Amino acid sequence: MPLATIDDRAPAAPAPVTPAAPEMRGARLLLEALVREGVDTVFGYPGGAVLHIYDELANMKSQLRHVLARHEQGAIHMAEGYSKATGRVGVVLVTSGPGATNTITGIANAYMDSTPLVIITGQVPRKMIGTDAFQEVDTIGITRPCTKYNYMVREAREIPAIVREAFYLAGTGRPGPVLIDIPKDVTAEKAPFVYPTELRLPGYRPSLKADQQQIEAALERVLAAERPVLYVGGGIIHSGASDELLQLAEALHIPVTPTLMGLGCFPSAHPQCLGMLGMHGTYCANMAVSESDLLLAIGVRFDDRVTGRLDTFARGAEIVHIDVDDSSLSKNVRAHWAIVADAKSAMQQMLDALAAHAAPLSPQRLDSWWKQIETWQVRAPLVYLDSSDKIKPQQLCEKLHRMTDGKAIIATDVGQHQMWIAQYYGFREPRQSLTSGGLGAMGYGFPAALGAQLAFPDRQVIAFVGDGGFQMTAQELATAVQYGANLKIIIMNNNSLGMVRQWQEIFYDRNYSHVNMEWTPDFVKLAEAYGATGLRARHPSELHSVLEKGLSTPGVVVIDVIVEVEENVFPMVPPGGGISDMVLE
Amino acid sequence: MRHTLSIVVENHYGELARIVGLFSARGYNIESLTVAETLDPSVSCVTLVTSGDDRTIEQIVKQVNKLVRVLHVEDLTGSSHFEREMVLINVRTESHTALHTVLSLVANDHCNVAEVMEDGLIIEATGEWKEINALVQKLVPFGIRHIVRTGTVAVCKHPGEQITSLVGTIASSGQDLQHRGTE
């Protein structure tokens with residue numbers, strides 16, 4: 001068989017046709033399938049190739065709420081925020097060509113941060129594919145490296161089975177985005193609606209339970225360790241394993257450090273929580289990891305922002321790595337015990353094994369380790385200098401914690417503001433922190449917060465963004481106002497691209513190159529132009545009252561907080577350095 | 001080090017592109033690639049030759065295994081298997097001496113003359129990639145006008161149950177093999 005034809009075979013397993021199945025056009029099949037999957041909200045933007053779908057959408061208003069974004073990037077970040085806050089699969093609907101390409105940043109972001117999404121893109125009619133037709137782009141080709149899987153629908157009758165598979169793939173194992181590309185004529189073609197009762201995915205076997213022997217052996221190592229650390233991340237949140245984590249950590253009386261993506265999976269205020277580790281993690285967390293003799297890593301991927309220089313990372317530690325994604329194990333750091341499993345199941349197994357353990361654990365067994373950890377905590381806690389005339393970003397984050405009782409859902413972009421929130425907000429629960437971690441996408445925070453707010457209209461949701469990132473997706477103010485969102489947007493305004501500025505200051509000898517926003521709009525007036533409320537705080541003395549007013553004003557409120565420009569995020573692991581070589585100030 | 005991987009994949013739209021894309025995206029090398037369907041037309045087998053240290057190969061195997069439609073991946077290097085590659089070489093033989101030398105060389109190396117032309121021969125050879133390399137080296141001095149290699153195909157000597165059930169079984173829906181060849 002010639003190489004080129006491997007693609008042309010074996011149509012997807014057709015749904016069995018029963019005489020009773022009602023015929024409907026592809027567009028309707030798609031929406032009916034979404035309803036079957038429990039979808040209540042679709043974030044989207046119409047266009048030529050999805051006209052039939054939008055035509056049907058208008059008839060299904062009672063079952064499916066459509067949120068009309070102002071840019072497809074906004075739509076997909078909303079779906080990500082919706083998904084991250086709820087744990088459900090987020091759904092995006094856009095047209096072909098530019099509609100699809102505008103979602104790429106969000107797709108790549110969801111892929112990096114394991115966010116379950118189903119993205120439906122229109123495509124030109126089947127006969128026009130490959131002719132460089134109007135608004136044609138090879139969406140499947142473009143998204144192949146940044147989706148968990150993608151589908152080109154070739155016949156309307158395939159739609160229900162593809163939707164079913166797509167939701168299953170997106171939400172199981174290591175979650176991720178799945179894209180369905182549908183040519184326009186397929187959405188007009190009629191076929192019976194038959195929802196498949198079973199899936200045929202012989203090559204996809206997401207692991208759930210860990211090998212019991214491995215768990216028991218790993219537990220023995222953990223119990224034998226004198227300086228153990230529990231390093232946990234987004235995988236805990238995806239598998240809903242926070243309760244198991246708390247039980248396990250308390251039973252072992254072991255220090256816990258979450259990654260950026262894991263914030264909230266373990267209560268920040270818990271006495272065993274050392275704070276975040278990594279490039280801008282706490283000194284204590286990084287020292288504890290560096291000096292540990294056993295690292296129990298669960299639902300993490302040893303990202304470079306966590307490990308710093310690899311050859312010095314946790315050099316003396318035996319590493320037990322548990323993750324649902326086999327390819328994450330021993331990818332960056334060789335694990336002595338590599339266990340493929342869902343975090344929740346694996347921790348439950350560990351708890352069961354611990355309960356069956358003959359000798360009860362002595363509460364004093366790690367006393368000297370905890371004493372050592374306390375000295376690091378005392379030596380370099382998170383600190384900043386207060387100022388009488390300038391608002392400090394850290395002060396803003398701390399204040400926000402107090403005023404929301406640490407219970408708000410907070411979405412951020414990437415950069416200094418993101419690190420300060422991670423350091424100072426003190427998340428209590430999983431799914432409270434929505435952030436662009438792996439991809440580091442500016443423009444994510446505000447639409448993600450909007451998506452979360454539309455999922456939880458009664459919760460306090462805050463978009464905490466920089467002045468740079470906000471300007472990347474600020475047009476979604478119209479969406480927020482249109483849908484009556486009770487959303488607060490706090491702009492940490494330092495009039496510059498702060499993290500880049502910080503690097504230029506420290507590593508490029510203050511050669512500031514294109515990091516100052518020499519012209520920014522008046523964000524208060526911008527808010528007002530969109531029909532939102534705009535407020536500003538310039539001086540520390542007015543910070544409290546402005547925040548108080550802003551947080552209690554209903555509807556969309558933009559709070560422009562002018563902060564100290566020269567403030568840097570510390571502590572910091574310099575690029576190429578090991579995490580024990582932190583620059584403290 | 002050179003590794004030969006055997007990848008069994010569902011024969012679906014775009015799956016080969018997914019495998020190849022994975023290699024280029026992650027900076028892995030593809031030294032050769034062959035693909036064809038198995039006894040079950042809904043399943044294809046890819047033989048892919050790559051190189052890297054043990055850690056890289058482990059990561060490659062895991063990444064390929066992670067692809068949704070990939071049914072089985074095996075690193076054949078280090079286990080007992082049989083490899084072959086085929087080559088077609090169009091070599092210049094303008095003088096009688098050249099023709100004689102090439103013909104004797106061909107006879108010694110157990111390869112075939114597939115076509116005789118006025119000024120050259122098309123040589124067809126099958127062997128392990130090292131043998132093919134050696135043959136090519138011998139023919140270079142005569143002037144190679146065109147050469148095409150198929151890349152390595154490899155088969156397990158003692159395959160596990162899983163491979164046999166995937167590639168060695170005629171699917172109930174499978175058409176007659178002779179027919180499929182002409183598609």
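What counts and what doesn't
Residues numbered from 1 in each chain as written. Chains lettered and ligands numbered in written order. Predicted model: local features only at pLDDT ≥ 70, side-chain atom pairs only at ≥ 80, totals over all residues. Helix = DSSP H or I, 4+ residues; strand = E, 2+ residues; numbered from the N terminus. Buried ≥ 20, exposed ≤ 12 C-beta atoms within 10 Å, placed from the backbone. Contact = placed C-beta atoms within 7 Å. Core = buried A, V, L, I, M, F, W, Y, C linked by C-beta atoms within 7 Å. Nonpolar A, V, L, I, M, F, W, Y, C, P; charged D, E, K, R; others polar. Axes fitted to C-alpha atoms, helices over the stretch in contact; angles between N-to-C directions. Left-handed = near helix turned anticlockwise from the far one by under 90°. pLDDT = per-residue confidence, 0-100. Pairing = 2+ DSSP bridges.

> Sorry, what's going on with the overall build of chain B here?
The secondary structure content of chain B amounts to six helices and nine strands. Put simply, chain B has 183 residues, and 32% of those count as buried. Considering only contacts within chain B whose residues lie at least 6 apart along the sequence, 75% involve residues at least 24 apart.

> Help me understand the nonpolar core in this model?
Soluble, globular proteins show a tendency: their nonpolar side chains are buried together. In terms of nonpolar packing, the biggest core is built from 206 residues, with Leu30(A), Val92(A), Val118(A) and Ala449(A) touching the most fellow members. Here the element with the most residues in this core is helix α7 (residues 159-171) of chain A; it accounts for eight residues. Among the nonpolar cores identified, the runner-up in size contains 12 residues, and Leu121(B), Ile123(B), Ile132(B) and Leu135(B) belong to it.

> Any chance you could explain the interface of chain A and chain B here in plain terms?
Counting residues at the interface gives 20 residues for chain A and 27 residues for chain B. In terms of residue class, the side of chain A that touches chain B is made up of 12 nonpolar, three polar and five charged.

> What's the story with the environment of Gly278(A) in this structure? I'm lost.
Residues and elements named next belong to chain A. Tracing the sequence through the fold places glycine 278 in the loop between β10 (256-258) and α12 (283-291). The class of glycine 278 is buried, set by 24 C-beta atoms lying within 10 Å. Separated by 124 residues in the primary sequence, glycine 278 and arginine 402 place their C-alpha atoms 25 Å from one another. Contacts of glycine 278, omitting those with residues within four sequence positions, involve Thr259, Arg305, Val306 and Ile579.

> Is there a simple way to explain the packing of helix α11 (residues 242-252) of chain A against helix α14 (residues 343-355) of chain A in this structure?
In a packed pair of helices, the relevant descriptors are the angle between the two axes and the axis-to-axis distance. Residue and element names in this part refer to chain A. Axis separation between α11 and α14 bottoms out at 9 Å; the angle between their running directions is 35 degrees. In this structure, α11 meets α14 at a crossing whose hand is left-handed. Two secondary-structure elements touch here, α11 through Glu244, Leu245, Gln247, Leu248 and Ala251 and α14 through Lys344, Met347, Gln348, Met350, Leu351 and Leu354.

> Is there a simple way to think about the confidence of the model for chain A in this case?
Regions with low pLDDT carry predicted coordinates that are not meant to be interpreted in detail. For chain A, per-residue confidence averages 95 on the pLDDT scale, and residues scoring 70 or more make up 97% of the total. Taken as a whole, residues 1-11 of chain A scores under 50 in pLDDT and shows 18 contacts with residues more than four places along the chain or in a different chain.

> What am I meant to see in the sheet that holds strand β3 (residues 65-68) of chain A here?
The pairing of strands in a sheet happens through backbone hydrogen bonds and is either parallel or antiparallel. Residues and elements named next belong to chain A. The strand order across the open sheet built from six strands is β3-β2-β4-β5-β7-β6, with neighbouring strands paired in parallel fashion. Edge positions in the open sheet fall to β3 and β6 (149-152), since each of these has one partner strand only. Adjacent strand axes in the sheet meet at a mean angle of 20 degrees, parallel and antiparallel pairs treated alike. As judged from the five bridges shared by strand β4 (residues 90-94) and strand β5 (residues 117-123), these two strands associate in the parallel manner. In the sheet register, valine 94 faces β5, and the bridge partner there is threonine 121. Running at roughly 145 degrees to strand β7 (residues 177-183), helix α5 (residues 104-112) makes contact with β5 and β7 of the sheet.

> Would you take a moment to explain the environment of Gly466(A) for this structure?
All names here are of chain A. Within the secondary structure, glycine 466 is located in strand β16 (residues 461-466). A tally of 29 C-beta atoms within 10 Å means that glycine 466 is categorised as buried. Filtering out sequence-adjacent residues up to four positions away, glycine 466 remains in contact with Asp413, Gly415, Gln416, His417, Met492 and Gly498.

> I tried to follow the sheet that holds strand β17 (residues 487-493) of chain A on my own but got confused; where do I start?
Residues and elements named next belong to chain A. Taken in spatial order, the six strands line up as β15-β14-β16-β17-β19-β18 in an open sheet, and their pairing is parallel. Of all strands in the sheet, those bounded by a partner on one side alone are β15 (433-434) and β18 (533-537). Two elements, β17 and strand β19 (residues 557-562), share six bridges in a ladder whose sense is parallel. Paired with isoleucine 490 across the two strands is isoleucine 559, which belongs to β19. Running at roughly 135 degrees to β16, helix α17 (residues 416-424) makes contact with β14 (409-412), β16 and β17 of the sheet.

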